[in-house]
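Below are the chains, spelled out letter by letter.
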Amino acid sequence: MKKIIVVSFSLFLLVGCANNEKSNKVPETPKVEASQSNDDLKMQEWMQGKHWQAENDNAPMTFLKLKMDGTYENLNGSGKSWKIENGQIDLDGLTEWPVKKIDDSTFSLYVKPTDKTYLYKKVGIL
């Protein structure tokens, strides 16, 4: 009887500890699509580290400092983060306004609520 119990227990351990391929596989992590395209990253890289001034005093931000560390500063104070996503500038998740590069020192900002476009010129490097 003891031999049967020892043999049964040994078989149980062998089966339980056998190398099971399904249980030893590392689960694949789901691939997350980047929210920023290459064009968005190029635009962000071009805009960062510069001080921008609006040509029109009625613009939502008369000046905008887009810092290299991902923060920004405007007339209302400092902001925590900014980025270009889907061709739109995102300031702390509060704005989603389309931006376009006009030339090496100018970009346009389309403000959806007012349906107006404003031009911003580079006035300095931070």
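Residues numbered from 1 in each chain as written. Predicted model: local features only at pLDDT ≥ 70, side-chain atom pairs only at ≥ 80, totals over all residues. Heavy atoms only, no water.

Engineer: Would you mind showing me how to read the pattern of salt bridges here?
Structural biologist: Oppositely charged side chains can pair when the atoms bearing their charge come close. Tallied over the entire structure, the rule returns 4 salt bridges. K121 is paired through a salt bridge with E55; the nearest N and O atoms lie 4.0 Å apart. Here the residue K121 occupies a position in strand β9 (residues 116–125), and E55 occupies one in the loop between β1 (50–54) and β2 (63–66), the gap between them amounting to 66 residues. Given the relative accessible area of 32%, K121 is considered partly exposed. The partner of K101 in a salt bridge is D104, and the shortest N-O contact between them spans 3.8 Å. According to the relative accessible area criterion, K101 is partly exposed, its value standing at 41%. Here D104 falls in the exposed class, since its relative accessible area comes to 59%. (Salt bridge = Lys/Arg side-chain N within 4 Å of Asp/Glu carboxyl O. Helix = DSSP H or I, 4+ residues; strand = E, 2+ residues; numbered from the N terminus. Buried < 20%, exposed > 50% of the residue type's maximum accessible area, 1.4 Å probe, protein only.)

Engineer: Whenever I open this one, the sheet that holds strand β3 (residues 72–74) confuses me. Can you help?
Structural biologist: Through backbone hydrogen bonds, the strands of a sheet pair up, either in parallel or in antiparallel fashion. Pairing in this open sheet of 9 strands is antiparallel, and the strands run β4-β3-β2-β1-β9-β8-β7-β6-β5 from one edge to the other. Since the sheet does not close on itself, it has two edges, and those belong to β4 (77–79) and β5 (82–85), each with one partner. Taking each pair of neighbouring strands and ignoring which way they run, the sheet shows an average axis angle of 30 degrees. As paired elements, strand β6 (residues 88–91) and strand β7 (residues 97–103) share 2 bridges and run antiparallel to each other. By the bridge assignment for β7, I89 is matched with W97. (Pairing = 2+ DSSP bridges. Axes fitted to C-alpha atoms, helices over the stretch in contact; angles between N-to-C directions.)

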